[in-house]
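So the chains spell out like this:
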Amino acid sequence: FVAIQSQRLLQGSAQGQPRQLNDSTITRQLDDDIPDGDSVVDEEEDSSQYGNDVTILDLLDNVGVVHELSAQLDDYQNRWYLRLAQWLSKERLISTTKFDHLERAFHGGGSPTLAWLNANKVYHPDDAISKLKECAVKHRRGDVMKIIDHVADDLRMSVLSLQVQHQIADLLDQTIVGASNWESFASHFGFDYSSLKMFRAERTKPGDFSPTKWLLELCRNENPSLTVNHLIRWAKKAGRNDVVKTIKVFLSKR
């Protein structure tokens, strides 16, 4: 039986999916092939009966479940969190299509730009996009201007989509010689040295950031009515019966 599993793993490598063939890999593969009690559920049953009346907001209210899901999916080697994010985007359950920030923050780095934009929502909720465009022109950041050029001037910055915010952060978080960065933009909007220091502290250390938790919060912001049965659907397709079981246990205790 182990020989058959080894052959299967070698075939996976030949198809462009290199996997290290060692005892732990074989053991994990064997464990995956063994049904885990009632965690193996028919996909149609999942979609119709489990979690279609429980939203992502309900899930985030349970810190223990969020922590367990993060532990299961925060695996950089296999990038389960990224697979889930891309699936949600493909299914049009969220509007974000790029996840560079998610990948970068996993290794440390965070985003001072996003910290500034979030603070701006609180302290200057009525600031319009026209002011951001004015700032981009003043500091000669045509790349930022290109991202927001199509956005209406009178739209409030506080309702700017997360996708656009992350695109701006990808540009302004970088240190480019001779180019203004997030500090210049934050100063333009009236934030002082102490505030800049606070935004700078948002840079995370490797291991301090959970991409899975970030993704769940993204879902909450973009689609608060998203139900957890969609997570079950993805987990079943991905063969992650442990994730299915975690969500089912959560649902059974409600």
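Since the structure is predicted, the reported quantities are computational estimates derived from the model, not experimental observations.

Caption draft 1: Structural view of the packing of aromatic side chains. A full pass over the atoms with the stated rule returns 6 aromatic pairs. Ring plane angle 65° and centroid distance 6.2 Å describe the contact between Trp116 and Phe185, whose orientation is recorded as edge-to-face. Here Trp116, found in helix H8 (residues 112-123), pairs with Phe185, found in helix H12 (residues 182-188); they are 69 residues apart in sequence, far enough to count as distant. Given the relative accessible area of 0%, Phe185 is considered buried. Residues Phe191 and Phe199 carry aromatic rings whose centres are separated by 5.3 Å and whose planes lie at 70° to one another, so their mutual orientation is edge-to-face. Grouping residues by exposure puts Phe191 and Phe199 together as buried. Through pairs of rings, three or more aromatic residues link up here, namely Tyr123, Trp182, Phe191 and Phe199. Here the guanidinium or amino end of Arg83 rests over the ring plane of Trp80, the centre of that ring lying 4.2 Å away.

Caption draft 2: Structural view of the pattern of salt bridges. Counted according to the given criterion, the structure contains 6 salt bridges. Residue Arg233 pairs with Glu91 through a salt bridge whose shortest N-O separation is 3.4 Å. Of the two residues, Arg233 is situated in helix H15 (residues 229-238) and Glu91 in the loop between helix H6 (80-90) and helix H7 (100-106); the sequence distance between them amounts to 142 residues. Notably, a salt bridge pairs Asp153 with Lys133, separated by 2.6 Å at the nearest N-O pair. One end of the pair, Asp153, is in the loop between helix H10 (142-148) and helix H11 (162-172); the other, Lys133, is in helix H9 (residues 129-138), and 20 residues separate them in sequence.

About the criteria used
- Residues numbered from 1 in each chain as written.
- Predicted model: local features only at pLDDT ≥ 70, side-chain atom pairs only at ≥ 80, totals over all residues.
- Heavy atoms only, no water.
- Phe/Tyr/Trp six-rings, centres within 6.5 Å; stacked < 30°, edge-to-face > 60°.
- Helix = DSSP H or I, 4+ residues; strand = E, 2+ residues; numbered from the N terminus.
- Buried < 20%, exposed > 50% of the residue type's maximum accessible area, 1.4 Å probe, protein only.
- Lys NZ or Arg CZ within 6 Å of the ring centre and 35° of its normal.
- Salt bridge = Lys/Arg side-chain N within 4 Å of Asp/Glu carboxyl O.

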